[in-house]
Amino acid sequence: GSGKLNPLPQQAGRELVNLISRLKRKPDILGHYQNNCFALILPETDSILAKRFASRLIEVLVGGPSLESVAFSIGVAGCPHEAQDLATLIKACVQS
């Protein structure tokens, strides 16, 4: 492939945000990142718990009816172990 991502269909995007919003805690921060990406920051969560959350998130997203043709990639990185600032944290997540 060309490495280019197809635009996320509007219904799939809404379902994705709704499913993540139902799973996340109040202090967690969900944001749109780049074209077809989202970032979820889990304050006060170590890497082990973040990986468990990521596994649960994948299970839920795979079952989403509007998401059957959407590919997912989830990276986990912790602060301060893998990164000291937001830019490095995002880079560590992308590489994980």
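Residues numbered from 1 in each chain as written. Predicted model: local features only at pLDDT ≥ 70, side-chain atom pairs only at ≥ 80, totals over all residues. Heavy atoms only, no water.

To continue, consider the pairing of strand β2 (residues 37-41). Regular strands place their side chains on alternate faces of the sheet. Here 5 bridges tie strand β1 (residues 29-33) to β2, and the two strands are oriented antiparallel to one another. Across the sheet, Ile29 pairs through a bridge with Ile41, a residue of β2. As consecutive antiparallel partners, β1 and β2 are separated by 3 residues, and within that stretch Gln34 has a phi angle of approximately 60°, a positive value. (Pairing = 2+ DSSP bridges. Helix = DSSP H or I, 4+ residues; strand = E, 2+ residues; numbered from the N terminus.)

A few words now on the layout of surface pockets. Here the largest pocket defines a volume of roughly 1,400 Å³. Taken together, 48 residues form the lining of the largest pocket, with Phe38, Ala39, Ser73, Ile74 and Gly75 sitting closest to its centre. No other element matches the 6 residues that helix α2 (residues 47-62) contributes to the lining of the largest pocket. Its residues placed into classes, the lining of the largest pocket shows 33 nonpolar, 11 polar and 4 charged. (1 Å grid on protein atoms, 1.4 Å probe; cavity = no way out; pocket = protein on both sides within 12 Å on 5 of 7 lines; lining within 4 Å. Points joined across faces, edges and corners; volume = space filled by probe spheres on them. Nonpolar A, V, L, I, M, F, W, Y, C, P; charged D, E, K, R; others polar.)

Now for the pattern of salt bridges. Tallied over the entire structure, the rule returns 2 salt bridges. Among the ionic pairs, Glu59 bridges to Arg56, the shortest N-O distance being 3.6 Å. Taken together, the residues Glu59 and Arg56, both in helix α2 and 3 residues apart, mark about one turn of the helix. Owing to a relative accessible area of 55%, Glu59 belongs among the exposed residues under this scheme. (Salt bridge = Lys/Arg side-chain N within 4 Å of Asp/Glu carboxyl O. Buried < 20%, exposed > 50% of the residue type's maximum accessible area, 1.4 Å probe, protein only.)

Here we come to the confidence of the model for the protein chain. When the pLDDT values of the protein chain are averaged, the result is 84; 95% of them are 70 or greater. The least confident element of the protein chain is helix α3 (residues 86-95), whose mean pLDDT is 82; the most confident is α2, at 90. (pLDDT = per-residue confidence, 0-100.)

Note that Asp28 resides in the loop between α1 (10-23) and β1. If sequence neighbours within four positions are ignored, Asp28 has contacts with Leu40, Ile41, Leu42 and Pro43. (Contact = heavy atoms within 4.5 Å.)

What follows covers α2. A rise of 1.5 Å per residue sets the reference length of α2, with its 16 residues, at 22 Å; its end C-alpha atoms lie 22 Å apart and thus fit the reference within 8%. The N-cap residue of α2 is Asp46: its side-chain oxygen and the backbone nitrogen of Ile48 are 3.2 Å apart. (Expected span 1.5 Å × (residues − 1). Polar contact = N/O pair within 3.5 Å; in protein donor to acceptor, adjacent residues only side chain to side chain.)

Residues Leu16, Leu19, Ile20, Leu57, Leu61 and Leu67 are the most contacted members of the largest nonpolar core, which totals 14 residues. Discounting residues that sit within four places of it in the chain, Leu61 has contacts with Leu16, Leu19, Ile20, Leu67 and Phe72. (Core = buried A, V, L, I, M, F, W, Y, C linked by side-chain atoms within 4.5 Å.)

To continue, consider unusual backbone geometry. In this structure, Glu44 is a non-glycine residue whose phi angle is positive, near 55°. Within the fold, Glu44 resides in the loop between β2 and α2. When its relative accessible area of 84% is taken as the criterion, Glu44 is described as exposed.

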